[in-house]
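Here is what each chain is made of, one letter per residue.
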Amino acid sequence: MYTPKPEHKFSFGLWTIGNTGRDPFGEPVRNALTPAEIVYTIGEVGAWGVNFHDNDLIPIDATAAQAAQIKSAFRKALDDTGVIVPMATTNLFTDPAFRDGAFTSNDPQVRAYALHKTLRAIDLGAEFGAKTYVFWGGREGTETDAGKNPLDAGKWFREALNFVCEYVIDQGYGMRIALEPKPNEPRGDIYLPTVGSMLAFIETLDHSEMVGVNPEVAHEHMAGLNFVHAVAQALDAGKLFHIDLNDQSFGRYDQDFRFGAHNIKSAFFLVKLLEDNGYDNPRHFDAHAYRTSDREDVKAFARGCMRTYLILKERVAQFNADAEIQALLAEITADDGAMDAYKGAYSAEKAAALKAHTFDRIALGQRGQPYERLDQLTIELLLGVR
Ligand code: DIG
Ligand code: MN
Ligand code: MN
């Protein structure tokens, strides 16, 4: 019933299933897997795609011979499993060179090195067929604003992305770029912290048509925001090129929990938004298992991400077919057409007529909405009693 299939477009980053359990207060608890071993695991749990940062695949200090061997083994694992590479990205946050940012570093040599590293990483992603290229600016931020003018940072970030877009076009890679916001961590504050701020920034780029967003559940939740509303704005703008699914307690560090592990109601409304609107880009689980998990439990984590999505997808179909729920929605959204004359585009006549219209304000304030009934039906559907 809830078996993942290629058409679901479920993907995992090498760093998710390969997560060794290191955290800011503890050493790794699981052995490191090779990229090929991770691909075989992804194939075993039935996922469709695998994503990577350049250095998840090729260590930053690998020799050409080592890189060739790793790529060959990775390619064989892809061939053996049928797993594909939908997305690639650059690690512009781990190496000390990026300690003060990559594209927004105050050091022009670091900014140039970040671009150098990114162009080569884009080539690597293209080599394995990635059609979406993600930028998460993990180090693009500050702890103090004394040392960096945020306008300079924005200008540098824009220049870098304009350069990257031109490179992708020049190379004919056919890739789209997806920008991933996060409000903080590892920097005290990260520039362009939310989906809304990223959507506004995209419109300032030279090739905004090829740039969208990669919203992550945990990141909007860290900012105390409603993730479903953020994704709706991205959908409305035609900019939901990719999505990072996981879960997160509000106001905590980036927990990257298994999808649906914490806020099942929010996950339900997210799946409803995606499925009701025919979202057909990758569903990437940017998450990792608990530090307490062994390798078998990591597989349970991966299966759980996909099963929960598919169970919620079934609940969405049930919600959309539930007569009582749909009758309530029809009542809530009823429109007798009395206001049709005032809808749509502006005209001077329409404005004059609207200004002259007499409204019964008291009556308007007396109309309640049965949201308690509707929400309880939704909860009961999610609890499996409808
Ligand atoms: C973290 O949420 C970021 C990085 O893992 C990566 O650059 C991006 C891709 O999913 N998500
Ligand atoms: Mn995250
Ligand atoms: Mn992410």
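Preceding this section is the structure that the text describes.
Residues numbered from 1 in each chain as written. Chains lettered and ligands numbered in written order. Predicted model: local features only at pLDDT ≥ 70, side-chain atom pairs only at ≥ 80, totals over all residues. Heavy atoms only, no water.

A.B. asks: So what's going on with the coordination of the manganese ion (ligand 2)? Which residues, and what values?
C.D. replies: Protein ligation of the manganese ion (ligand 2) involves E216 (OE), H219 (NE2), D254 (OD), D254 (OD) and D256 (OD), the donor distances falling in the range 2.0 to 2.7 Å. Sequence spacing of the donors to the manganese ion (ligand 2): E-x2-H-x34-D-x1-D. The distance between the manganese ion (ligand 2) and the manganese ion (ligand 3) comes to 4.5 Å, and E216 binds to both of them. One end of the pair, H219, is in helix α8 (residues 217–222); the other, D256, is in the loop between β9 (243–245) and α10 (264–276), with 37 residues separating them in the sequence. For H219, a relative accessible area of 2% translates into the label buried. A residue is classified by how much of its surface remains accessible, and D256, at 12% relative accessible area, is buried. (Donors = N, O, S within 2.8 Å, 3.2 Å for Na, K, Ca; no water. Helix = DSSP H or I, 4+ residues; strand = E, 2+ residues; numbered from the N terminus. Buried < 20%, exposed > 50% of the residue type's maximum accessible area, 1.4 Å probe, protein only.)

A.B. asks: I'd like to hear about the side chain of S105, residue by residue, with values.
C.D. replies: Along the chain, the position of S105 falls in the loop between β3 (87–89) and α5 (108–127). Given the relative accessible area of 3%, S105 is considered buried. One polar contact links the side chain of S105 to the main-chain amide nitrogen of D107, over a distance of 3.0 Å. Ignoring sequence-local partners within four residues, the contact set of S105 consists of D100, V110, R111, K148 and W156. (Polar contact = N/O pair within 3.5 Å; in protein donor to acceptor, adjacent residues only side chain to side chain. Contact = heavy atoms within 4.5 Å.)

A.B. asks: Describe the pairing of strand β2 (residues 49–53), listing the residues and the values that go with them.
C.D. replies: Buried residues dominate β2, accounting for five of its five residues. Side chains G49, N51 and H53 of β2 all project onto a buried face; the interleaved residues V50 and F52 project onto the opposite face, where all are buried too. Here β2 runs beside β3; their pairing, made up of two bridges, is parallel. Residue pairing in the sheet places H53 in a bridge with T89 of β3. (Pairing = 2+ DSSP bridges.)

A.B. asks: Account for the nonpolar core, naming residues and giving values.
C.D. replies: Ranked by size, the top nonpolar core spans 96 residues in total, and within it F12, F74, I177, F259 and L270 carry the most contacts. The element best represented in this core is helix α11 (residues 295–321), accounting for ten residues. Two domains share this core, each providing at least three of its residues, namely domain 1 (6–321) and domain 2 (323–382). Look past the residues within four positions of L270 in its chain and what remains in contact with it is V217, F227, V228, V231, I243, L245 and F259. (Core = buried A, V, L, I, M, F, W, Y, C linked by side-chain atoms within 4.5 Å. Domains from an automatic or database assignment.)

A.B. asks: Tell me about helix α12 (residues 323–332), and name the residues and values.
C.D. replies: Burial in α12 covers these residues: I325, L328 and I332. Axial view of α12: buried residues confined to an arc of 65°, hence all on one face. On its buried face, α12 sits against α11 and α15 (371–382). With a side-chain oxygen positioned 3.0 Å from the backbone nitrogen of E324, the residue opening α12 is D322. (Arc of directions from axis to C-beta.)

A.B. asks: Describe the site of ligand 1, listing the residues and the values that go with them.
C.D. replies: If you check the shell around ligand 1, you find 13 residues, and the closest are H53, E180, E216, D244 and D286. Note that a nitrogen atom of ligand 1 is positioned 2.8 Å from one of the side-chain N or O atoms of E180. Contacts to ligand 1 include D286, whose side-chain N or O atom sits 2.8 Å from an oxygen atom. Notes on ligand 1: free accessible area 300 Å², of which the protein chains cover 95%. (Near = heavy atom within 4 Å. Areas by Shrake-Rupley, 256 points an atom, 1.4 Å probe, with all protein chains shown as cover.)

A.B. asks: So, the coordination of the manganese ion (ligand 3): which residues are in play, and what are the values?
C.D. replies: Listed as protein donors to the manganese ion (ligand 3) are E180 (OE), E216 (OE), D244 (OD) and D286 (OD); their distances from the metal cover 2.0 to 2.1 Å. Around the manganese ion (ligand 3), the six donor atoms are arranged such that angles at the metal cover 75 to 172°; this shape is classified as irregular. Counting along the primary sequence, the residues that act as donors to the manganese ion (ligand 3) give the motif E-x35-E-x27-D-x41-D. (Tetrahedral: all angles 85-135°; square planar, octahedral: opposite > 155°, others 65-115°.)

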